[in-house]
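# An overview of the molecular structure
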Amino acid sequence: MTSRGIRVAACAALSTLLLILTPASPGLAQEAVSASDRGPEDEIVYFVLPDRFENGDTRNDRGLMRGGRLNTGFDPTSKGFFHGGDLAGLTRQLDYIEGLGATAVWVAPIFRNKPVQGRPGDESAGYHGYWVTDFTDVDPHFGTRAEFRAFVDAAHARGLRVYMDIITNHTADVIQYRGCGYQACPYRGLADYPYTRRGGVNGAPINDGFLGDDHADAANFARLTNPNFAYDVYVPAAERRIKHPDWLNDPIYYHNRGNSTFRGESSLYGDFFGLDDLYTEHPRVIQGFIDIYGAWIDQYGVDGFRIDTARHVNPQFWQAFAPAMIARARARGNNHFHIFGEVFDPDPGHLAQHTRVDGLPAVLDFGFQSAAYESIAKGGATESLDTIYRGDSLYEGGARAALQLPTFLGNHDMGRFAFFVLKENPGISDAELFARVRLAHALMLLSRGAPVVYYGDEQGFTGDGGDQDARQDMFATQVASYMDDRIVGSSAPSGSGRHFDCNAPLYRAIAEAAALRRATPALRRGAQVSRAYGEHAGLFAFSRLLDGAEVLVAINTSREPVAANVLVEAQSAHWRSLHGACAGASPAPAVLPVQVPALDYIVCISERS
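The rules behind each value
Residues numbered from 1 in each chain as written. Predicted model: local features only at pLDDT ≥ 70, side-chain atom pairs only at ≥ 80, totals over all residues. Heavy atoms only, no water. Phe/Tyr/Trp six-rings, centres within 6.5 Å; stacked < 30°, edge-to-face > 60°. Helix = DSSP H or I, 4+ residues; strand = E, 2+ residues; numbered from the N terminus. Buried < 20%, exposed > 50% of the residue type's maximum accessible area, 1.4 Å probe, protein only. Lys NZ or Arg CZ within 6 Å of the ring centre and 35° of its normal. Disulfide = S-S within 2.5 Å.

## Examining the packing of aromatic side chains
A complete count under the given rule lists 46 aromatic pairs for this structure. Taking 6.4 Å as the distance between ring centres and 90° as the angle between the ring planes, the aromatic pair formed by Phe-135 and Tyr-293 counts as edge-to-face. Of this pair, Phe-135 sits in strand β6 (residues 132-138) while Tyr-293 is found in helix α8 (residues 283-300), placing the two residues 158 residues apart along the sequence. Residues Phe-135 and Tyr-293 agree in their burial class; the two are buried. Ring centres of Phe-289 and Tyr-293 lie 5.8 Å apart, and the angle between their planes is 15°; on these two criteria the pair is classed as stacked. Placement of both Phe-289 and Tyr-293 in helix α8 is noted, with a separation of 4 residues, approximately one turn of the helix. Residue classification places Phe-289 among the buried positions, given a relative accessible area of 0%. Looking at Tyr-293, the relative accessible area reads 0%, which means it is buried. Stacked on the ring of Tyr-195, the Lys or Arg Arg-257 has its end atom at 4.5 Å from the ring centre.

Now the structure itself:
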């Protein structure tokens, strides 16, 4: 066996070993839920950008194209271009992902993209996957449809689920507007530029009889034939048939109103940084995307969708799309299909409306991310965490539905959690940096929701900010700004080596908390009750309650030890430690004394007699 093979085998063995060693309660069987019966709340999700993960086949680095980087999109020295990671590499490293304790893999979009976009001199590549031209095929930089099938099959063979990252809001930037340059076209609103006039209210009549979006029947939209209501649009000759399916090449299926300001109506109708904004009110667009993504379910048996830019799509689209996808999966015998939308907003009320109005089963929990930032990265009030959890009743289905919200600490857009810690704590020591990042992951893995680990966080990546600065290579990088990345748990910078070390301090810390979650059903499915919180850094404690069992989690976000008496269930008189030191018995009914070291956590389980 090669040295790489030995390391991979060791990573795969780690998760099993930790599960065996995890002190589960007698009434709580380890891995109690089989792969076929797991609900979304049982998953631990690993989010990965294939281009930055592992290069399994160097022959596809240039996407089977010729020329320089502006043709192929490939430049491993630039953080804004393709680096060579692919589906073959991702499949090769499934043991590494499984060893971390993950049970599902969320893969950034793998659809065929426009290789390069941007103003001359400021181009970048579609390595991230969000500039789609062909929604029916795999981008050749990532491999082939056969290799995607092999990845899904290999993941399923390990009991891992696969979540695809999908886009319905926009395509690559192909449609152009006369009279303004790249991404320089201001938004033109519905009132000043109605669909029934060309170039404004006083323009020539067009689209005679069109009644607007509120009349969403096919007969009404059949009257919408001219796309030049706000701008005169055109498609460059070389790109007139670049999109697939072919109906996507017709500008009539786009809003064509200029760039979004991300406020007011432009949030729904404007172009997302110049990307072609789809007319998702149109029946043809609705059915078109039901057909596109239903086929990915039918052909590959994927287990769920993460929806990009979900807040920028009208509710009626989701009300049709989400049930259709769930029905499509159930027709294949898949009753665990999960859908969660990206709604970039920390307010639980704003997040919840997309489950109540749009009908999305779940949304990414930006509220949790914000509260974790405030309480752990920034060292602020722990009551911010309680405030977020009190908002769980707002979601469609209430607190039980909130168990399925994917929680996360950082991502490919906003940046890594370790970067936030560095930003808020200039001059922080290596030891404190590790402690805060470890504590945040423990909170995420042990509290309600489906935790999402952003690839590379487990190796201690910090980054220099968001977007391209948070998308480091796991394989040997050639990007200078990635090489000097500060590493959590190490005093040495990242360098140009590989980062698949299952003995890395954060990898082991995350794997330990993941094993505890997997071994203890109450930490996955239990109702959550806040027990202690305050207006400063310090103690935050909560219970997870399930089938007569109580698990108390207490974290300390301060630099000093804390000791306190915490309320618990009156029947929870006898306790045992799952992590850290716990009192063995309650000194009085409904009370448990806790002592938590600085920037640490304890987990205690009731042993009812």
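Right, picking up where we left off after that structure.
## Some remarks on the state of the cysteines
Taken as a whole and judged by the stated rule, the model has 2 disulfides. Covalent S-S linkage joins Cys-180 and Cys-185, the inter-sulfur distance amounting to 1.9 Å. Across the S-S bond of Cys-180 and Cys-185 the torsion is about 95°, and the bridge reads as right-handed. Look at Cys-180 and you get partly exposed, because its relative accessible area is 21%. Residue classification places Cys-185 among the buried positions, given a relative accessible area of 6%. Two residues share a disulfide in this structure: Cys-582 and Cys-604, whose sulfurs sit 2.1 Å from each other. Between Cys-582 and Cys-604, the S-S dihedral sits near -85°, and the bridge is therefore left-handed. Of this pair, Cys-582 sits in the loop between β19 (575-579) and β20 (591-596) while Cys-604 sits in strand β21 (residues 601-606); the two residues are 22 residues apart in sequence, bridging distant segments of the chain. The exposure class assigned to Cys-604 is buried, which follows from its relative accessible area of 1%. Here the cysteine-cysteine linkages of the protein chain are recorded as 1-2, 3-4, numbering only bonded cysteines and doing so in sequence order.

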